[in-house]
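Spelled out, the chains give:
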Amino acid sequence: MIVRGSVRVPGDKSITHRALLLASLAGGTSHLGGALTSLDARSCARVLRQLGTGISPLAPDRVITVTGRRRFQQPSEILNCGNSGTTARLLLGLLAAHPFAATLTGDPSLRRRPMRRVTVPLGLMGARFAERPGDGLPLTVRGGRLTGLRYEMPVSSAQIKSALLLAGVAGRVPVVLREPAGRSRDHTERMLRAFGYPVEEQDGWIAFAPGGRVEPFDLQVPGDLSSAAFLVGAASLAEGGALAILGVGLNPTRTGFLRVLARMGARVEVGAGHEAGGEPVGDLLVAPAELRGTTVAAEEIPGLIDEIPLLAVLASRAAGATTFHEVGELRVKESNRLELIAANLRAIGARAEADGNVVRVEGSDRRPAGRVRTDGDHRIAMAFAVLDTIPGARVQVDDLSCADVSFPRFAETLRGIGVVKRKTAFVKGSSR
Ligand code: S3P
């Protein structure tokens, strides 16, 4: 494939969720430009409407209006969060401060994902939960008056951190948190500071004080760097050309995969950016490159957690081996990504293994061919679809439609960046 032209990607998923949730707490109407309109964003909007928020239809290229009422009203039905872990966990934080019972559920993938990581600390703040045996959804939260929290999180996770900070906002109580190794995305902290809340970071601790107020706001959501990552990957594996990806979020807590790709020899230029809505935004220019293997250390993982499927498929085309350390969190994503990455790479003829919390991938220039099982996981589907752009590849993804969870029109966008896929294998240099 030869790549060409310039492309934009859908709005950032994390920022869209946070903007919808915070706008629901504002007493008035907020306007969101460039917001994500994928299945996950729709799930978030749907449950917020059930709680009394007015949200205009999530249509692409339209400004979305969100009319908040400061406090949620009790929902008359179960809140179905679909596939969206961000919706479920962050909403639990807000509901913890509301004096009524609400029941959350989700699709089979979300129902299996752990929720105790947020219900335990929210319980320490005073919320009550009725959970089924085991861990996961459905569960019922009964919120009320909260007390402040000082808490050391067992895992680095922006979802846990944000749930607790949002509980602090809605409950008007201080929250002090510590993340273990590695810093997760900080979009919530940035937004809260924009509303005047003191959020201070020192020696790995984050201290929030309830000194601000959420007011209606206008926000332009940047393109999602995690979606752009798949196009960066396809352009890196291409035979020629160059691809520009315009207007993507470049928050340093999200750019970890670009640093790893640079180590792997990828040619990604980050253009001069600007700031929008408290977040750095800019363009990427990607040219094909010969990749080499690398080692990804434990402390790097939180900053590239969503890009590991893509990095792993790129590692399968690199010279030498790549090792990802401490990636146990991948077991509790939309699928068991730890197992699926390794099993799918083997299914298409690559050498890969998951051993405890470590994933190892051996690079090769053999043509990838075989059937890939996604278990409905959007990022597994998109990562392996990227591998199918290699000349001569025959990678059959069992369900590419799940890409709609975060990247509407992914297949069309991927086709649109390239000029004809050659039929026969084209071996370029030694690494492919
Ligand atoms: C997200 C945080 C990450 C990430 C998810 C979105 C967020 O999850 O995988 O896609 O918006 O806060 P964890 O915080 O559980 O690692």
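What you see is a predicted model, and the numbers here were worked out from it, not measured in a lab.

Chemist: Help me out: how do you make sense of the layout of surface pockets in this one?
Modeler: Over the atoms rolls a probe the size of a water molecule, and its path tells where empty space is left. Of the voids in this model, the largest pocket is the one considered here, and its volume is about 620 Å³. Looking at the largest pocket, it is lined by 28 residues, and the ones nearest its centre are Val-9, Pro-10, Gly-11, Gly-34 and Asp-61. Those elements that place two or more of their residues in the lining of the largest pocket are strand 2 (6–8), strand 16 (243–249) and strand 18 (274–276). Looking at the lining of the largest pocket, its residues break down into 15 nonpolar, 9 polar and 4 charged.

Chemist: In this structure, what is going on with the nonpolar core? I would like to understand it.
Modeler: Side chains that are nonpolar tend, in soluble globular proteins, to be buried together. Core analysis: the largest hydrophobic core is formed by 71 residues, its most contacted members being Leu-95 and Leu-122. If one sorts the elements of this core by residue count, helix 6 (residues 158–171) sits on top with 8 residues. Leave out the neighbours within four places in its chain, and Leu-122 touches Leu-92, Gly-93, Ala-96, Ala-127, Phe-129, Ala-163, Leu-164 and Ala-167.

Chemist: Can you walk me through the domain arrangement of the protein in this structure?
Modeler: How large an interface is tends to be reported as the accessible area lost when its parts come together. Entries for the protein in the domain assignment read domain 1 (2–8 + 221–416) and domain 2 (13–220). Using only C-alpha atoms to locate each centre, domain 1 and domain 2 end up separated by 27 Å. If you look at the interface, domain 1 gives 27 residues, while domain 2 gives 29 residues. Taken over both partners, the interface formed by domain 1 and domain 2 buries close to 2400 Å², and the fraction arising from carbon and sulfur atoms is 51%. Taken together, the links from domain 1 to domain 2 amount to 3 salt bridges. One salt bridge in this structure joins Arg-185 and Asp-306, with 3.0 Å as the shortest N-O distance.

Rules of the game
Residues numbered from 1 in each chain as written. Predicted model: local features only at pLDDT ≥ 70, side-chain atom pairs only at ≥ 80, totals over all residues. Heavy atoms only, no water. 1 Å grid on protein atoms, 1.4 Å probe; cavity = no way out; pocket = protein on both sides within 12 Å on 5 of 7 lines; lining within 4 Å. Points joined across faces, edges and corners; volume = space filled by probe spheres on them. Helix = DSSP H or I, 4+ residues; strand = E, 2+ residues; numbered from the N terminus. Nonpolar A, V, L, I, M, F, W, Y, C, P; charged D, E, K, R; others polar. Core = buried A, V, L, I, M, F, W, Y, C linked by side-chain atoms within 4.5 Å. Buried < 20%, exposed > 50% of the residue type's maximum accessible area, 1.4 Å probe, protein only. Contact = heavy atoms within 4.5 Å. Domains from an automatic or database assignment. Buried area = accessible area lost by both parts, 1.4 Å probe. Salt bridge = Lys/Arg side-chain N within 4 Å of Asp/Glu carboxyl O.

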